[in-house]
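Report on the structure
This is what each chain is made of:
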Amino acid sequence: MKTIMVTGGCGFIGSNFIRFIHGQCPEWNIVNVDALTYAANPYSLSDIQKSERYTFEHADLSDREQLNTLFTRYRPDRIFHLAAESHVDRSI
(Lines give C-alpha, C1' and ligand atoms only; values in the text may rest on other atoms or scores of the structure.)
Protein backbone atom coordinates (compact mmCIF):
# COMPACT_ATOMS: atom_id res chain seq x y z
CA MET A 1 0.00 0.00 0.00
CA LYS A 2 1.17 3.52 -0.78
CA THR A 3 0.78 6.28 1.78
CA ILE A 4 -0.05 9.86 0.90
CA MET A 5 0.04 12.78 3.30
CA VAL A 6 -2.31 15.71 2.78
CA THR A 7 -1.69 18.98 4.61
CA GLY A 8 -4.76 21.10 5.22
CA GLY A 9 -7.03 18.12 4.72
CA CYS A 10 -9.82 19.58 6.87
CA GLY A 11 -10.19 22.62 4.64
CA PHE A 12 -12.63 22.84 1.74
CA ILE A 13 -10.23 21.78 -1.01
CA GLY A 14 -8.30 19.32 1.15
CA SER A 15 -11.35 17.46 2.41
CA ASN A 16 -12.80 17.12 -1.09
CA PHE A 17 -9.42 15.92 -2.39
CA ILE A 18 -9.17 13.33 0.40
CA ARG A 19 -12.70 12.10 -0.23
CA PHE A 20 -11.93 11.81 -3.98
CA ILE A 21 -8.66 9.91 -3.41
CA HIS A 22 -10.28 7.65 -0.83
CA GLY A 23 -12.93 6.66 -3.35
CA GLN A 24 -10.70 6.40 -6.42
CA CYS A 25 -7.49 4.89 -5.02
CA PRO A 26 -8.24 1.96 -2.70
CA GLU A 27 -4.54 1.05 -2.67
CA TRP A 28 -3.57 4.29 -0.87
CA ASN A 29 -3.51 5.04 2.84
CA ILE A 30 -4.27 8.70 3.57
CA VAL A 31 -2.76 10.74 6.40
CA ASN A 32 -4.48 14.08 6.92
CA VAL A 33 -2.31 16.66 8.72
CA ASP A 34 -4.17 19.78 9.82
CA ALA A 35 -3.70 22.43 12.51
CA LEU A 36 -7.48 22.95 12.73
CA THR A 37 -7.38 26.72 12.34
CA TYR A 38 -10.37 28.93 11.51
CA ALA A 39 -10.67 27.48 7.98
CA ALA A 40 -10.79 23.82 9.06
CA ASN A 41 -13.86 21.68 9.51
CA PRO A 42 -12.93 18.23 10.84
CA TYR A 43 -16.54 17.08 10.48
CA SER A 44 -16.32 17.42 6.70
CA LEU A 45 -14.61 14.01 6.63
CA SER A 46 -16.92 12.25 9.06
CA ASP A 47 -18.01 9.85 6.31
CA ILE A 48 -14.52 8.30 6.07
CA GLN A 49 -13.32 8.94 9.62
CA LYS A 50 -13.55 5.27 10.59
CA SER A 51 -11.87 3.96 7.45
CA GLU A 52 -8.77 1.86 8.09
CA ARG A 53 -7.08 3.74 5.24
CA TYR A 54 -7.62 7.20 6.77
CA THR A 55 -5.70 8.77 9.64
CA PHE A 56 -6.02 12.28 11.07
CA GLU A 57 -3.07 14.00 12.74
CA HIS A 58 -3.56 17.33 14.51
CA ALA A 59 -0.29 19.12 13.80
CA ASP A 60 1.11 22.54 12.94
CA LEU A 61 3.31 22.64 9.84
CA SER A 62 5.61 25.17 11.49
CA ASP A 63 6.57 22.59 14.15
CA ARG A 64 9.53 20.86 12.50
CA GLU A 65 9.95 18.26 15.26
CA GLN A 66 6.30 17.25 15.02
CA LEU A 67 6.55 16.94 11.22
CA ASN A 68 9.71 14.86 11.45
CA THR A 69 7.89 12.51 13.82
CA LEU A 70 5.00 12.18 11.36
CA PHE A 71 7.34 11.60 8.41
CA THR A 72 9.16 8.89 10.37
CA ARG A 73 5.92 7.25 11.53
CA TYR A 74 4.08 7.21 8.19
CA ARG A 75 6.91 7.41 5.61
CA PRO A 76 4.65 8.97 2.94
CA ASP A 77 5.23 8.17 -0.72
CA ARG A 78 3.63 11.47 -1.78
CA ILE A 79 2.76 14.74 -0.03
CA PHE A 80 -0.02 17.03 -1.21
CA HIS A 81 0.40 20.46 0.38
CA LEU A 82 -3.05 22.04 0.47
CA ALA A 83 -2.78 23.99 3.72
CA ALA A 84 -3.28 27.73 3.25
CA GLU A 85 -4.72 30.83 4.80
CA SER A 86 -7.47 32.01 2.50
CA HIS A 87 -8.53 35.39 3.85
CA VAL A 88 -6.83 38.33 2.15
CA ASP A 89 -6.40 40.32 5.34
CA ARG A 90 -4.42 37.43 6.85
CA SER A 91 -2.13 37.14 3.82
CA ILE A 92 -1.05 40.79 3.68
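Described in the following lines is the structure provided in the data block. (Residues numbered from 1 in each chain as written. Predicted model: local features only at pLDDT ≥ 70, side-chain atom pairs only at ≥ 80, totals over all residues. Heavy atoms only, no water.)

1. Points about the sheet that holds strand 2 (residues 28-34)
Read from one edge of the open sheet, four strands run 3-2-1-4, paired in parallel fashion. Looking along the sheet, the strands with just one partner apiece sit at the ends: strand 3 (54-58) and strand 4 (78-81). Ignoring strand direction, the axes of neighbouring strands in this sheet form an average angle of 20°. Taken together, the five bridges between strand 2 and strand 3 define a ladder with parallel strand orientation. When the bridges of strand 3 are listed, Asp-34 appears paired with His-58. Along the sheet, helix 2 (residues 64-74) contacts strand 1 (2-7), strand 2, strand 3 and strand 4; its crossing angle with strand 3, the most-contacted strand, is approximately 165°. (Pairing = 2+ DSSP bridges. Helix = DSSP H or I, 4+ residues; strand = E, 2+ residues; numbered from the N terminus. Axes fitted to C-alpha atoms, helices over the stretch in contact; angles between N-to-C directions. Contact = heavy atoms within 4.5 Å.)

2. Here we look at the packing of aromatic side chains
One pass over the full model with this rule turns up one aromatic pair. Look at Phe-17 and Phe-80: their rings are 4.8 Å apart centre to centre, the planes differ by 50°, and that puts the pair in the tilted class. Placement of the pair is Phe-17 in helix 1 (residues 12-24) and Phe-80 in strand 4, with a sequence separation of 63 residues. The exposure class assigned to Phe-17 is partly exposed, which follows from its relative accessible area of 21%. (Phe/Tyr/Trp six-rings, centres within 6.5 Å; stacked < 30°, edge-to-face > 60°. Buried < 20%, exposed > 50% of the residue type's maximum accessible area, 1.4 Å probe, protein only.)

3. A word on the pattern of salt bridges
A full pass over the atoms with the stated rule returns two salt bridges. We note a salt bridge from Arg-19 to Asp-47, for which the minimum N-O separation is 3.1 Å. With Arg-19 in helix 1 and Asp-47 in the loop between strand 2 and strand 3, the pair connects residues that are 28 residues apart, well separated along the chain. Taking relative accessible area as the criterion, Arg-19 reaches 28% and is therefore assigned partly exposed. In this structure, Arg-73 engages Glu-57 in a salt bridge whose closest nitrogen and oxygen atoms are separated by 3.2 Å. With a gap of 16 residues between them, Arg-73 in helix 2 and Glu-57 in strand 3 connect regions that are remote in the sequence. By relative accessible area, which is 16% here, Glu-57 ends up buried. (Salt bridge = Lys/Arg side-chain N within 4 Å of Asp/Glu carboxyl O.)

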